[in-house]
Amino acid sequence: MWDAFKDWIFACIQFFFDIAGDWGLAIIIITVIFRAIVAPIMHKQIKSNFQMQKIQPLLQEVQTKFANDPVRMREEMQKLYAETKFNPLAGCLPMLLQMPIFLAMFQTLRELGAHGDGISYTFYGMVNDLTQTPAGVFGDGFAAFFPYLVLMLVFAGATFLPMVLQNIHNDSSQRTQMLIMGGIMTLMMLWISWGSPAGVLLFWGTSSVLGILQSQLTMRMLKKEEATKEAARIEVEPVKVNVERKVKKKRPTKKR
């Protein structure tokens, strides 16, 4: 059944190749469709991450206050989740739901060359062979290697950029820590991309860029909604005015 699913994905890519006349463009089109399918799932994940950022200071306060009492800490965290209507698993579940589609796409593109002999899997002449890896074309000269290098940088950079955007407003120590972690992950992705076919890099890079765009647009929308709610709440609250009343002094009684 899994192989049939991968064959169906390849048939879809081939269908768009017959329309567009280019394998690279066909991969981009099918990637856009893939992102459109998982967009509602990603919206829920981004919304969960936004809610997590809001309650993060409260969680840190609970963790600091009950650092020596793990049981009480868990109880207080559960209370906080209940009060804020936040589900910690809401951010993980969407990721798990999209994994089968992602893995099928990844494997199909990795095995692209096995679908037929004599097929030239090119991307408008910029990438001569989408089944080749950067490591495989490194010895063919810089001109041949350069398009693969661009795909590698997009593949790795799209992993690092979301961390930068997510932590840009955090305090300096936390931001520095996340940037170091992001830099390490970027180096790991460069190492992975070195042995990955160009078709996989094109799919992953396109998917990541679209994911970053959706994330930024959704976060902007959520922040706007939050600001509107906050403004409405301030307008509804009555204005409190502190009026200090002077204490009347007793009149002196006349002596008769």
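All of the points below concern the structure found in this document. Owing to the predicted nature of the structure, the values given are computational and were not obtained by experimental measurement. (Residues numbered from 1 in each chain as written. Predicted model: local features only at pLDDT ≥ 70, side-chain atom pairs only at ≥ 80, totals over all residues. Heavy atoms only, no water.)

## Considering the packing of aromatic side chains
Logical step 1: Tallied over the entire structure, the rule returns 16 aromatic pairs.
Logical step 2: Measuring from centroid to centroid gives 5.9 Å for Phe123 and Tyr124, while their planes differ by 50°, and the two rings are tilted.
Logical step 3: Residue class for Phe123 comes out buried when judged on its relative accessible area of 14%.
Logical step 4: Note on Phe145 and Trp194: the rings are 6.0 Å apart at their centroids and 65° apart in plane angle, and the pair reads as edge-to-face. (Phe/Tyr/Trp six-rings, centres within 6.5 Å; stacked < 30°, edge-to-face > 60°. Buried < 20%, exposed > 50% of the residue type's maximum accessible area, 1.4 Å probe, protein only.)

## A closer look at a nonpolar patch on the surface
Logical step 1: On the surface, Phe142, Phe146, Val150, Val154, Val209 and Leu213 cluster together into a nonpolar patch covering about 530 Å² of accessible area.
Logical step 2: Elements with a minimum of two residues in the nonpolar patch: α6 (142-167) and α8 (198-236).
Logical step 3: Top element by residues in the nonpolar patch is α6. It accounts for four residues.
Logical step 4: Here Phe142 shows up in helix α6.
Logical step 5: Among the residues examined, Phe142 registers a relative accessible area of 58% and is labelled exposed. (Patch = residues over 30% accessible without salt bridge, like charges linked within 9 Å, V, L, I, M, F, W, Y side chains within 5 Å. Areas by Shrake-Rupley, 256 points an atom, 1.4 Å probe, with all protein chains shown as cover. Salt bridge = Lys/Arg side-chain N within 4 Å of Asp/Glu carboxyl O. Helix = DSSP H or I, 4+ residues; strand = E, 2+ residues; numbered from the N terminus.)

## Notes on the packing of helix α2 (residues 23-65) against helix α3 (residues 70-84)
Logical step 1: One can describe the packing of α2 onto α3 by two numbers: an axis separation of 9 Å at closest approach and a directional angle of 160°. Classed by the angle they form, the pair α2 and α3 counts as roughly antiparallel. By crossing handedness, the relation of α2 to α3 is classed as right-handed. Between α2, through Ile55, Leu58, Leu59, Val62 and Gln63, and α3, the contact on the second element is made entirely by Met73, Glu76, Met77, Leu80, Tyr81 and Thr84.
Logical step 2: Split by residue class, the contact of α2 with α3 holds eight nonpolar, two polar and one charged. (Axes fitted to C-alpha atoms, helices over the stretch in contact; angles between N-to-C directions. Parallel < 35°, antiparallel > 145°, perpendicular 65-115°, else oblique. Left-handed = near helix turned anticlockwise from the far one by under 90°. Contact = heavy atoms within 4.5 Å. Nonpolar A, V, L, I, M, F, W, Y, C, P; charged D, E, K, R; others polar.)

## Some points on the environment of Ile29
Logical step 1: With respect to the helices, strands and loops of the structure, Ile29 is situated in helix α2.
Logical step 2: Discounting chain neighbours no more than four positions away, the residues touching Ile29 are Phe16 and Ala20.

## What about the side chain of Thr206?
Logical step 1: Its location among the elements puts Thr206 in helix α8.
Logical step 2: By relative accessible area, which is 17% here, Thr206 ends up buried.
Logical step 3: Apart from the residues within four sequence positions on either side, Thr206 is in contact with Ile28 and Thr31.

## Remarks on the side chain of Thr133
Logical step 1: Within the secondary structure, Thr133 is located in the loop between α4 (93-110) and α5 (134-137).
Logical step 2: In contact with Thr133, not counting residues within four places along its chain, are Tyr148, Trp194, Gly195, Ser196 and Pro197.

## Some thoughts on the nonpolar core
Logical step 1: Judged by nonpolar contacts, the single largest core of 34 residues is most densely connected at Ile13, Ile27, Leu109, Val127, Leu130 and Phe203.
Logical step 2: At the level of secondary structure, the elements contributing two or more residues to this core comprise α1 (2-20), α2, α4, α6 and α8.
Logical step 3: A total of seven residues in this core trace back to one element, the largest contributor, which is α2.
Logical step 4: Ile13 has contacts with Trp23, Ala26, Ile27, Ile30 and Leu109, leaving out every residue within four places of it along the chain. (Core = buried A, V, L, I, M, F, W, Y, C linked by side-chain atoms within 4.5 Å.)

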